Amino acid sequence: MNIQTHENTLQDIIGHAKEYGFVFPSSEIYDGLQAVYDYGQNGVELKNNLKNAWWKAMTQLNDNIVGIDSSIFMHPTTWEASGHVDGFNDPMIDNKDSKKRYRADQLLEAKAEEYTLSGDKEKGDALLQEMGRLLGAEELEAVRELIISEGIKCPVSGTSNWTEVRQFNLMFSTQVGSVAEDSSTIYLRPETAQGIFVNFLNVQKTGRMKIPFGISQIGKAFRNEIVARQFIFRMREFEQMEMQFFVRPGTQAEWYEKWRDTRLKFHKAIGLPADKLNFHVHEKLAHYADAAVDIEYQFPFGFREIEGIHSRTDFDLRRHQEFSKKKMQYFDPEVNPETGKPFGNYVPYVVETSVGADRLFLAAFSQAFTKETITDGDNVKERTYLKFHPALAPIKAAVLPLVKKDGLAEIAQEIADSLKSSFRTVYDDSAAIGKRYTRQDLIGTPFCIAVDFETKEDNCVTIRHRDTTEQERVPISELKERISKAVAVERILEEI
Ligand code: ATP
C-alpha cells in the first residue's frame, strides 16, 4: 500500500473550513463583510480547545500567573499613554487607476522578497533597511519615491500611478453617551495588553503577587487593517491571548529567553512540527522594546507570525504612571546582594507573550488538513481528514451502530449518553458505516465507536482510530477511561 500526501493550498483550507462548519464569512447572506469571519459549530469547539490549552498552560502550569478579563472599552487616556493614538499607524498608498489601497511597507517588503528569492539577498536587505530608515524618520514622500523608483506596480491596474503615502491609524473609534453633545470618543481596544497594565496594581495587591509574576488574558481586539487578506490570518476583529510577565529591572533578558522557549514548546505540544516553526528576531525594535522575536509557522502562503514575544521594558507602566498620576510601583523586599539592602520600590519591567487565537486556529487547522491518495494494487482511493491533536478535536468520539435494528441503536445511544459528561460525543445512525466514518474524518473526530451484532454477546465495541484507520476491539466498560485519557488537555500540558 502506498500513501501519497498532497500539498494544501489556502483555497483548499478555506473551502473545507466553510463546508464542514468551522469558519463562515460574516453576515454571508449580505455577501459578507471584508476581513470579518464567524466560527461555526465545529470551529467554536476547536477555538475553545485552543484557548483552554493556552489558559491552562499559563495559569495552571505556573503558580505565579493569574488571569483577568478586562473590558474592551477603556478610558480614552489609556491609548494616549500607550502611544496608540499617536503611533499606531500603518503607511498606506492608493493606486489612482485601480483605486486599490495598499500598505506601503508591504509593497516594499514584497519587492525585497523578490530580490532575495532571485538570489540577490543583499539588495533585498538594503531595500528593507532603507524602508525602515524612511518610515522611522516619517519621510513619507521619500517612501513614495522609493516605491516608484523600484518600479512597483499595482497588481490590479498594472500602473505606478500612486497617491502620496499617508499614515492611517488602525484604531476603531466610537461614541459613548446617549446624546451627541455629551458624547466623547472612545476606542475599541487594539490589543488586550493595556487592560492588564491598568490592572497591574489591583491584581498585585489583591492577589499578594510577588515579582516575578504574570497576568494573562484572552479577549477580542480590533484593528482597522488596511489590507486584510489571507482568511482569518488578518482580521479586523480578532482574539488575542496575551500574558504580561512583570520582572525586576535587569532580569528581563533571562525571562525573555525563558518565555521564548516555553512558548515554542507550547506550539510543538499542540501538534505544530518543529520544522514548520521558526524564530524571527526583530532587528529594528519598537521604541519601547529592548528585544523582540516572532514565532512563525509555515502556512500554505509561507512562514508568518503567529506569536510575538516582546521585552517591553517599563515603558507601559511608566507611561500609565505619568498619565494617571498614580504610582505604578512594586516594593521588592528581597535583599540585593550587591548593596545588602532590599531592592525596594521600582516600576517593574515586562516581558510579553502575545498570540492570536485565530492565527493559532489557522495554524492548527492547516496542519491538521490532510489529503491522501492511497494506492493498494489497482485500487486507488482519496482520503481527506483533519489530523488534530485529540485534545483539540471538536468532537472526541462518535458512536455508530452498524445498523439501526436488532437493538443496536439503543445500545449505541446508551453508550453515547454514558460518555457525554466526560467529553464531546455524538451519535450517528444515518447512512452506511463507511460514509459515517468519512463524515467524522472530515471534522477530525479521533475515535469512532462501532456497535455491531457481537456487541450483544461480548459487551465489546470496535474503536476505529482516525489517523491509521486501524480498528481494535474494546470492552464498553473501558471506553470512558481510555478515551478520556487520550483527549485530555493534560496530553498537551505535559509536553510544555
Ligand atoms: P502583523 O505584523 O502580522 O500585523 P503584529 O506584529 O501587529 O502582527 P502584534 O501586535 O504583535 O501583531 O499582535 C500579537 C498577535 O496578535 C500576533 O502575533 C497575531 O497572532 C495576532 N494578530 C495581530 N493582528 C491580527 C489581525 N489583524 N488578525 C488576526 N490576528 C492578529
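Residues numbered from 1 in each chain as written. Predicted model: local features only at pLDDT ≥ 70, side-chain atom pairs only at ≥ 80, totals over all residues. Heavy atoms only, no water.

Asker: Residues and numbers for helix H7 (residues 140–149), please.
Answerer: Regarding H7, the residues found buried are Leu 140, Val 143, Leu 146 and Ile 147. The buried residues of H7 occupy an angular sector of 110° when projected down its axis, which confines them to one face. Taken together, the buried residues of H7 touch strand S5 (89–94), helix H5 (104–117), helix H6 (121–136) and strand S7 (166–169). After H7 finishes, the residue Gly 151 shows a positive phi value of roughly 70°. (Buried < 20%, exposed > 50% of the residue type's maximum accessible area, 1.4 Å probe, protein only. Helix = DSSP H or I, 4+ residues; strand = E, 2+ residues; numbered from the N terminus. Arc of directions from axis to C-beta. Contact = heavy atoms within 4.5 Å.)

Asker: If you had to explain the site of the ligand to someone new, which residues and values would you point to?
Answerer: Around the ligand there are 16 residues in total, and Glu 225, Arg 234, Met 235, Glu 305 and Ile 306 lie nearest to it. Within the contact set of the ligand, a nitrogen atom lies 2.8 Å away from a side-chain nitrogen or oxygen of Glu 225. Note that an oxygen atom of the ligand is positioned 3.3 Å from one of the side-chain N or O atoms of Gln 240. Contact with the protein chains hides 83% of the accessible area of the ligand, taken as 590 Å² for the molecule alone. At the level of secondary structure, the elements contributing two or more residues to the shell around the ligand comprise strand S11 (237–247), strand S14 (302–313) and strand S17 (349–356). Taken together, the residues of the shell around the ligand sort by class into five nonpolar, five polar and six charged. (Near = heavy atom within 4 Å. Polar contact = N/O pair within 3.5 Å; in protein donor to acceptor, adjacent residues only side chain to side chain. Areas by Shrake-Rupley, 256 points an atom, 1.4 Å probe, with all protein chains shown as cover. Nonpolar A, V, L, I, M, F, W, Y, C, P; charged D, E, K, R; others polar.)

Asker: Explain the state of the cysteines to me, and be specific about the residues and the numbers.
Answerer: Here the structure, examined in full by the defined rule, presents zero disulfides. Counting only cysteine sulfurs, Cys 448 is the nearest neighbor of Cys 460, a cysteine outside any disulfide, at a range of 18 Å. (Disulfide = S-S within 2.5 Å.)

Asker: Any chance you could break down the layout of surface pockets for me, citing the residues and the numbers?
Answerer: Of the pockets and cavities examined, the second largest pocket occupies roughly 390 Å³. Taken together, 19 residues line the second largest pocket, and the ones lying closest to its centre are Ile 374, Lys 381, Arg 383, Arg 464 and Thr 469. When contributions to the lining of the second largest pocket are tallied by element, the ones reaching two or more residues are strand S18 (369–376), strand S19 (379–386) and helix H14 (433–443). In terms of residues, the lining of the second largest pocket owes the most to one element, S19, which gives five residues. Taken together, the residues of the lining of the second largest pocket break down into four nonpolar, seven polar and eight charged. (1 Å grid on protein atoms, 1.4 Å probe; cavity = no way out; pocket = protein on both sides within 12 Å on 5 of 7 lines; lining within 4 Å. Points joined across faces, edges and corners; volume = space filled by probe spheres on them.)

Asker: Can you explain the packing of aromatic side chains? Please cite residues and give values.
Answerer: For the structure shown, the criterion picks out 20 aromatic pairs. Here Tyr 297 and Phe 299 contribute two aromatic rings whose centre-to-centre distance is 5.0 Å and whose plane-to-plane angle is 90°, an arrangement assigned as edge-to-face. For Tyr 297, a relative accessible area of 0% gives the class buried. Arranged with centres 6.0 Å apart and planes meeting at 55°, the rings of Tyr 330 and Tyr 346 form a pair that is tilted. Taken together, the residues Tyr 330 in strand S15 (residues 330–336) and Tyr 346 in strand S16 (residues 341–346) connect sequence positions 16 residues apart. Note on accessibility: Tyr 330 and Tyr 346 belong to one class, buried. (Phe/Tyr/Trp six-rings, centres within 6.5 Å; stacked < 30°, edge-to-face > 60°.)

Asker: Please set out the nonpolar core residue by residue, giving values where relevant.
Answerer: In a soluble, globular protein the nonpolar side chains are often hidden away together inside. Counting residues in hydrophobic clusters, the biggest one holds 62 residues, and the most contacted among them are Phe 22, Ile 306, Phe 361 and Phe 365. Residue contributions to this core peak at eight residues, all from helix H12 (residues 357–368). Counting residues in each nonpolar core, the second largest holds 19 residues, with Leu 107, Tyr 115, Cys 154 and Val 165 among its members. (Core = buried A, V, L, I, M, F, W, Y, C linked by side-chain atoms within 4.5 Å.)

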